[in-house]
Amino acid sequence: MSNKKAEPAPSLVKVAVFAALRDPLTYRVPNSMDLRVGQRVLVPLGRRRTTGIVVESAARVAPGIQVREVLRVLESEPVLSPELLTVGLWIAEYYLAPPGEVFRAMLPLRAETRRERLLALSERGKQRLRDLESSLLEEVRAGDEARFLRFVAGQENSNAGVPLETARRKLGMAFADLFSQAMAEGWLTTSDVERERGRRKVWSVRLAGPLPGRPLRLSPVGKRIMQALERGPADDHRALIKEARATLAHLGRLQREGWIELRESAGTVEAQAGIAPPALALTPAQQAVLDELVGLIESRRFHPALLHGVTASGKTEIYLRLIERALEQDRTALMLVPEIALTPAMQFQILARFEGRVAVLHSGLSESERDNAWWRARRGEARVVLGTRSAVFAPLGNLGVIIVDEEQEASYKQEETPRYHGRDVAVVRARLERALVVLGSATPSLESYFNAREGKYRLLKLEERIGGRPLAAVEIVDMRQEFRETRTQVPISRRLKEEIDAQLQAHAQTMILLNRRGYSWFLLCRSCGESIRCVNCSISLTYHRREQRLICHYCGYTLPIPSQCPTCGSEYLQYVGEGTEKLEAKLGEIFRGARVARLDRDVARRAGSYRKILADFREGKIDILVGTQLISKGHDFPGVTLVGVVSADQGLGLPDFRAAERTFQLLTQVAGRSGRGEAPGRVLVQTFFPEHYAVRLAADQNYEGFYSKEMRFRRMMRYPPCAALAKIVAQDTNLEKAARIAREVGASLSRVTSATSGFKVLGPASAPLAKIEGRYRIQLLIKSDSRARLNDVLRRLVDECEQRGIPPQSVIIDMDPISIM
């Protein structure tokens, strides 16, 4: 018997790999590797390598299971704190999302490797090249086939293979046929490799300035680039070339010709702070709210609070002072806003107040900017983080306060896996961090106000505007009466036109809300009655005049403007409806000489454009600003004394139980943009449904009245917040398969809920948007009195679907859906 001591077995860990797997996988840790929970690692998965997060140690594996080794640790320290790791696992459990997909969404870090396919010549390919090169015919030796094989051979000698994408770019249009032939003949071998990722430069682009006396001799691409830059500089050249359908080479050519300037981006947006404005004196109501919230911060315990303040009541100053108090306690602060377009104004105030201690995180940043901001927060260099939904995962330590501004906004809910709600995740994170979370709004969601009424949240109110300024006076314009009197259907009523005229005479500013972008809603054939629809979605294409294309707002599919109906061949095509683009043009025609601008998602795609528009409007360089809901909230323009709302009831006809709530919130919020300065404000609401309670109560700016009325409907119909709700969508590119999956899901739900009371299943039925991105959608809604029991039923449903072999991508489960469209 040997006395030699057995070596300790290598430890095992569970890794949530960045893939659509329901459970973490077990891996062996090499003896030489120091590994901790929360670290990012590179691991083998099938025939490839992928990234994952170590979530816990594993005691053992079942006999006969082969365990593979962790390949590499990507950072020397954990990238997720214990609290953030717990948040991620909670999201995976509550929203039924793969944990690896959750952690991928939590970490906006650059991937360390990229997968690349290499081409090389086989022996047959080398022989074929020799045959071609020895040909007596010049056209054979110089032909595309010989050129292709020669290119691969030359690259292979230096790089052990040529990347497929390099060959595609080099050979252009001829590549597809040459590659197919070479593979069929066995002239090529392919291999997949993982390469370390380099860093690509990001360029900011701006006009070089006025160039008098020079003729505008530009290509169509060059003209598109110049037109885009006339609306404002681009902080990231990639967004510009996507918008202008250009390439970096086109930008380089324009720079050499002196039209534009290219500068390497600084890689951070934190350098945009200005001179800090003086802190405003607080009203007694503000001071009382602040004192109560500061007391909650100082208790160093978890406290959720709902701050319900009317528009222009001074909520932002309270937010800034709460952040200031958290920093004084040597703690950190996180502030969330719902839209990228709302960050500049808030960003300016926070950066000015807290200077270099701020990081900004949102999807509009370049990859390197997000990476840099994330690590500044992780290293403690940034003590305050401002961002949109995904910033709720910012790696701040010793968190003191989380602020969720405009907490009612639907954009806090992610519409793809993981389908988490940023507001609710903020509350869960605050509980784990023993921090204060403040949900702020002039029109709180019914869920948050219900929780406050039930005592789950502390309810704080600001019921008056700063300085005793009155709320804007709201007037409803009945567009039915307008049509009866004028016999014309126009977007601007006579009453609104009179008011805009008066504004221009008084040199005051106006905002016009139309919550529909594009030029016209759709293109209609007057002969057969068909509209031109998206090939991938069950929706008509929207006409965008600047692009001269029909565009789908769901999948991005585009078409050039047809000269005749694709269904019947008729030339009688008509543009129907008005979007913000058309309204901007119409106002420019009606009010000659007025400076009109537009702000919607089309404009907001480039940070430079929307920043310039907002800055120009704030400085009084724009008389009329037209926009979608992006202009309705979060902005403070003291010069605005008139707000007009076009098609106020547009959303009321949607088959969604939140339609009235969204309409009320939108109208109340946009009314709050008027009269924020010294002059009183006015609001004109154009509607075909003036009797609807959402319109009437929004005109009165009566939140309590709307809450009482809407809650009666929610209780009667058992919709949130009076019940827990989940949406299940069966989808497939084949309608029959989607229907079959929906029937199986419905049968499974019947089985798992049959033994339990308190459940109500609606459907299966075709979704209101029956087809999106080429997939047919059939949905079911399930209501329950208990959120915990609903979650348990959904988990059992996932198990049944897995046992029946239903692909995970064919069944979408959305817990607490924000929309049932």
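As the structure is a computational prediction, the values presented were derived from the model and not from experiment.

**Notes on the overall build of the protein**
In step 1: Tallying secondary structure elements over the protein gives 26 helices and 32 strands in all.
In step 2: Projecting the C-alpha coordinates of the protein onto the three principal axes gives extents of approximately 85 × 80 × 60 Å.
In step 3: Counting contacts in the protein only where the partners sit at least 6 residues apart, residues at least 24 apart contribute 76% of the total.
In step 4: Summed over all atoms, the accessible surface of the protein reaches about 37900 Å², with 49% contributed by carbon and sulfur.
In step 5: Side-chain charges in the protein split into 123 positive and 98 negative, and the spacing between the mean points of these groups amounts to 2 Å.

**A short note on the sheet that holds strand β30 (residues 759-772)**
In step 1: If you trace the 4 strands from one edge of the open sheet to the other, you get β30-β31-β29-β32, paired in antiparallel fashion. The open sheet has two free edges, formed respectively by β30 and β32 (811-815), since each of these has just one partner strand. Neighbour to neighbour, the strand axes of the sheet diverge by 20° on average, direction disregarded.
In step 2: Direction of pairing for β30 relative to strand β31 (residues 775-784): antiparallel, over a ladder of 8 bridges. The partner of K760 across the bridge, within β31, is K783.

**Observations concerning empty space enclosed by the protein**
In step 1: In total, this model carries 3 cavities of 30 Å³ or more according to the counting rule given.
In step 2: A volume near 100 Å³ is recorded for the largest cavity.
In step 3: Along the wall of the largest cavity there are 11 residues; nearest its centre are R231, R546, R598, D602 and V603.
In step 4: For the lining of the largest cavity, the class distribution of residues is 1 nonpolar, 2 polar and 8 charged.

**Examining the pattern of salt bridges**
In step 1: As enumerated under the stated definition, the model contains 54 salt bridges in all.
In step 2: Across the pair E407 and R423 runs a salt bridge, and its minimum N-O distance is 3.2 Å. In this pair, E407 is assigned in the loop between β15 (399-405) and α15 (422-433) and R423 in helix α15, connecting sequence segments 16 residues apart. R423 carries the same exposure label as E407, and that label is buried.
In step 3: Here the residues in one salt-bridge network are E475, R495, E498, E499 and R682, joined through shared partners.

**Looking at the pairing of strand β14 (residues 384-387)**
In step 1: On β14, burial covers both faces: V384 and L386 on one face and V385 and G387 on the other are all buried.
In step 2: With 4 bridges joining them, strand β12 (residues 332-336) and β14 adopt parallel strand pairing. Its bridge partner being in β14, L334 is matched across the sheet by V385.
In step 3: Of the pairings in the sheet, the one linking strand β13 (residues 358-361) to β14 comprises 4 bridges and is parallel in character. From the neighbouring strand, V358 faces β14, where its bridge partner is V384.
In step 4: The parallel pair β13 and β14, bridged by helix α14 (residues 367-378), forms a crossover whose chirality is right-handed.

**Considerations on the environment of T488**
In step 1: Secondary-structure assignment places T488 in the loop between α17 (479-486) and α18 (494-505).
In step 2: C-alpha of T488 to C-alpha of V437: the two residues are 51 residues apart in sequence and 51 Å apart in space.

**Points about the confidence of the model for the protein**
In step 1: On average, the protein scores 88 in pLDDT, and the residues at 70 or more come to 92%.
In step 2: Overall, residues 1-9 carries pLDDT values under 50, and its contacts beyond four positions in sequence, including any with other chains, amount to 0 contacts.

**What to know about helix α24 (residues 703-717)**
In an α-helix there are 3.6 residues to a turn, and that puts residues three or four apart on one side.
In step 1: For α24, which comprises 15 residues, the first-to-last C-alpha distance of 21 Å matches the rise-based estimate of 21 Å (1.5 Å per residue) to within 8%.
In step 2: Turning to α24, its buried residues number three or more, namely Y703, F706, Y707, E710, M711 and R714. All buried residues of α24 project into a common sector of 125° when viewed along the axis, lining one side. Those residues of α24 that are exposed and angled more than 90 degrees off the buried face are R712, R715 and M716.
In step 3: On its buried face, α24 sits against β11 (303-309), α16 (446-453), α22 (659-671) and α23 (693-699).
In step 4: The backbone nitrogen of E704 lies 3.5 Å from a side-chain oxygen of the residue at the head of α24, namely N702.
In step 5: Where α24 terminates, the next one or two residues include R718, which has phi positive at roughly 55°.

**Observations concerning the environment of Q181**
In step 1: Relative to the helices and strands, Q181 is located in helix α7 (residues 175-185).
In step 2: Judged by its relative accessible area of 31%, Q181 falls in the partly exposed class.
In step 3: If we ignore the near neighbours within four places in the chain, the residues touching Q181 are E145 and W187.
In step 4: Side chain to side chain, Q181 and E145 meet in a polar contact 3.3 Å long.

**Some thoughts on the packing of helix α8 (residues 220-230) against helix α10 (residues 248-256)**
In step 1: At a minimum axis separation of 10 Å, α8 and α10 run at an interaxial angle of 80°. Taken together, α8 and α10 sit at an angle that is classed as roughly perpendicular. For the pair formed by α8 and α10, the contact residues are V221, G222 and I225 on the first element and H250, L251 and L254 on the second.

**A short note on the packing of α16 against α24**
In step 1: Direction vectors running N to C along α16 and α24 enclose 95°, while the axes themselves pass 11 Å from each other. Here α24 runs roughly perpendicular to α16, going by the angle between their axes. Within the contact between the two elements, α16 uses L446, Y449, F450 and R453 and α24 uses Y703, E704, F706, Y707, E710, M711 and R714.
In step 2: Of the residues that constitute the contact of α16 with α24, the class distribution is 7 nonpolar, no polar and 4 charged.

**Quick word on the packing of aromatic side chains**
In step 1: Summed over the entire model, instances satisfying the criterion amount to 16 aromatic pairs.
In step 2: Ring geometry for Y449 against Y707: centres 5.0 Å apart, planes inclined by 70°, an arrangement best described as edge-to-face. Of this pair, Y449 sits in helix α16 while Y707 sits in helix α24, placing them 258 residues apart in sequence. Neither residue differs from the other here; Y449 and Y707 are each classed as buried.
In step 3: Taken together, a centroid distance of 5.9 Å and an interplanar angle of 25° make the contact between Y693 and F706 stacked.

**Quick word on the pairing of strand β3 (residues 40-45)**
In step 1: The element β3 is extensively covered by neighbouring structure, given that 6 of its 6 residues are classed as buried.
In step 2: In β3, alternate side chains face the same way, and those of R40, L42 and P44 on one face and V41, V43 and L45 on the other are all buried.
In step 3: In terms of strand pairing, β3 meets strand β4 (residues 48-58) through 6 bridges, oriented antiparallel. Residue pairing for β4: R40 is matched across the bridge by I53.
In step 4: If you look at the hairpin formed by β3 and β4, you'll find 2 residues sitting between the two strands, and G46 has a positive phi there, around 65°.
In step 5: Inspection of the sheet shows β3 paired to strand β5 (residues 72-73) by 2 bridges, in the antiparallel sense. If you follow V41 over to β5, its bridge partner there is V73.

**Comments concerning unusual backbone geometry**
In step 1: Here P720 and P721 are connected by a cis peptide whose omega angle stands at 10°.
In step 2: Along the chain, P721 falls in the loop between α24 and β29 (724-732).
In step 3: The amide bond that connects G763 to the next residue, P764, takes the cis arrangement and shows omega of 15°.
In step 4: The residue P764 is located in strand β30 in this model.
In step 5: Despite not being glycine, D816 shows a phi value in the positive range, around 55°.
In step 6: Along the polypeptide, D816 turns up in the segment after β32.

Conventions used here
Residues take numbers from 1 onward in each chain, read along the sequence in its written order. With the structure being a predicted model, the display of local features is reserved for residues of pLDDT at least 70 and the display and counting of side-chain atom pairs for 80 or more, all residues being used for whole-chain, interface and lining totals. The basis for the side-chain values is all heavy atoms of the structure; hydrogens and waters are excluded. Per the convention used, a helix needs a DSSP run of H or I reaching at least four residues, while a strand needs a run of E reaching at least two, with both numbered from the N terminus. For this analysis, residues touch if any pair of their heavy atoms sits within 4.5 Å. Accessibility throughout is a Shrake-Rupley quantity obtained with a 1.4 Å probe, and a residue counts as covered only by protein chains that appear here. Positive charges come from Lys and Arg, negative ones from Asp and Glu, while His and the chain ends are left out of the count. Lys charges are placed at NZ, Arg charges at CZ, Asp charges at CG and Glu charges at CD. Here, strands pair whenever DSSP counts at least two bridges between them. A fitted line through C-alpha atoms represents every axis, and for helices the fit uses only the stretch in contact; the resulting angles, taken between N-to-C directions, go from 0 to 180 degrees. A 1.4 Å probe that fits but cannot get out identifies a cavity on a 1 Å grid over protein atoms alone, an open set with protein on both sides within 12 Å along at least five of seven lines counts as a pocket, and a residue lines either if it has an atom within 4 Å of a point. Grid points are joined across faces, edges and corners, and a volume is the space filled by probe spheres set on the points. Gly is placed with the polar residues, together with every amino acid not listed as nonpolar (Ala, Val, Leu, Ile, Met, Phe, Trp, Tyr, Cys and Pro) or charged (Asp, Glu, Lys and Arg). By salt bridge we mean one thing: a side-chain nitrogen of Lys or Arg within 4 Å of a carboxyl oxygen of Asp or Glu. Burial here depends on accessible area, computed with a 1.4 Å probe over protein chains only, as a share of the maximum for the residue type. Under 20% is buried, over 50% is exposed, and the range in between is partly exposed. Whether a crossover is right-handed depends on one test, that the path from the first strand over the helix to the second runs clockwise when the strands point away from the viewer. Per residue, pLDDT measures the predictor's confidence, with a range of 0 to 100. To estimate how far a helix should extend, the number of its residues minus one is multiplied by 1.5 Å. Think of it as the arc spanned by the lines of direction from the helix axis to the C-beta atoms. Any pair of N or O atoms that falls within 3.5 Å is considered a polar contact. Within protein, one atom must be able to donate a hydrogen and the other to accept it, and sequence-neighbouring residues count only if both atoms are side-chain atoms. Angle categories: roughly parallel below 35 degrees, roughly antiparallel above 145, roughly perpendicular from 65 to 115, and oblique for all the rest. Any pair of Phe, Tyr and Trp rings, taking the six-membered ring for Trp, is counted once the centres come within 6.5 Å. Such a pair is stacked with planes under 30 degrees apart, edge-to-face with planes over 60 apart, and tilted for the rest.

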